[in-house]
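Here are the chains, one letter per residue:
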Amino acid sequence: QVQLVESGGGLVQAGGSLRLSCAVSGGTFSRFAMGWFRQAPGKSREFVATISWTGGSIYYEDSLEGRFTISRDNAKNTVYLQMNSLKPEDTAVYYCAADVDYGLGYKYRIDDYNYWGQGTQVTVSS
């Protein structure tokens with residue numbers, strides 16, 4: 001019943017920016033922790049960022065902090081990922097994920113999330 005739909009991906013030049021969106025339906029969005037993951041060709045899915053249901057706790061993969069910003073708008077049932085200073089190595093399919101926020105810690109593992117979107121392609125050219 002819970003559905004996540006990503007949007008905002010596309011082709012961008014190195015150094016450019018993109019803003020990804022993830023719209024959630026069929027659940028209590030305001031009580032969900034939200035996460036972003038990505039999967040590059042030939043590689044496994046990896047953690048990008050997570051945000052608590054209140055928006056008060058945020059955690060990033062170390063190499064991405066400072067370039068990427070996660071945020072949420074509970075009135076719109078939407079989570080965002082602002083990506084700046086993009087590099088070719090950021091090329092991947094980006095996935096949105098959701099699960100109930102238990103308040104026990106950051107959700108940075110794939111198994112921490114029950115609900116997933118289908119992904120949106122981000123391609124960064126050199």
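Residues numbered from 1 in each chain as written. Predicted model: local features only at pLDDT ≥ 70, side-chain atom pairs only at ≥ 80, totals over all residues. Heavy atoms only, no water.

## As for the pattern of salt bridges
Oppositely charged side chains can pair when the atoms bearing their charge come close. Counted by the stated rule, this structure contains four salt bridges. The closest approach of N and O atoms between Arg38 and Glu46, which form a salt bridge, is 2.8 Å. A relative accessible area of 9% means that Arg38 is categorised as buried. Residue Asp90 pairs with Arg38 through a salt bridge whose shortest N-O separation is 3.0 Å. Highlighted residues: Asp90 in the loop between strand S8 (78-83) and strand S9 (92-100) and Arg38 in strand S4 (residues 32-39), separated in sequence by 52 residues. According to the relative accessible area criterion, Asp90 is buried, its value standing at 1%. Salt bridges sharing common partners tie together Arg38, Glu46, Arg67 and Asp90. (Salt bridge = Lys/Arg side-chain N within 4 Å of Asp/Glu carboxyl O. Buried < 20%, exposed > 50% of the residue type's maximum accessible area, 1.4 Å probe, protein only. Helix = DSSP H or I, 4+ residues; strand = E, 2+ residues; numbered from the N terminus.)

## A few points about the pairing of strand S11 (residues 120-125)
Where burial is concerned, the two faces of S11 differ: the one with Thr120, Val122 and Val124 is buried and the one with Gln121, Thr123 and Ser125 is not. Where strand S2 (residues 10-13) and S11 come together, four bridges link them in parallel fashion. Bridging across to S11, Gln13 finds its partner in Ser125. The sheet contact formed by S9 and S11 spans three bridges and is antiparallel. By the bridge assignment for S11, Ala92 is matched with Val122. (Pairing = 2+ DSSP bridges.)

Such coordinate-based values are descriptive only and should not be taken to indicate function.
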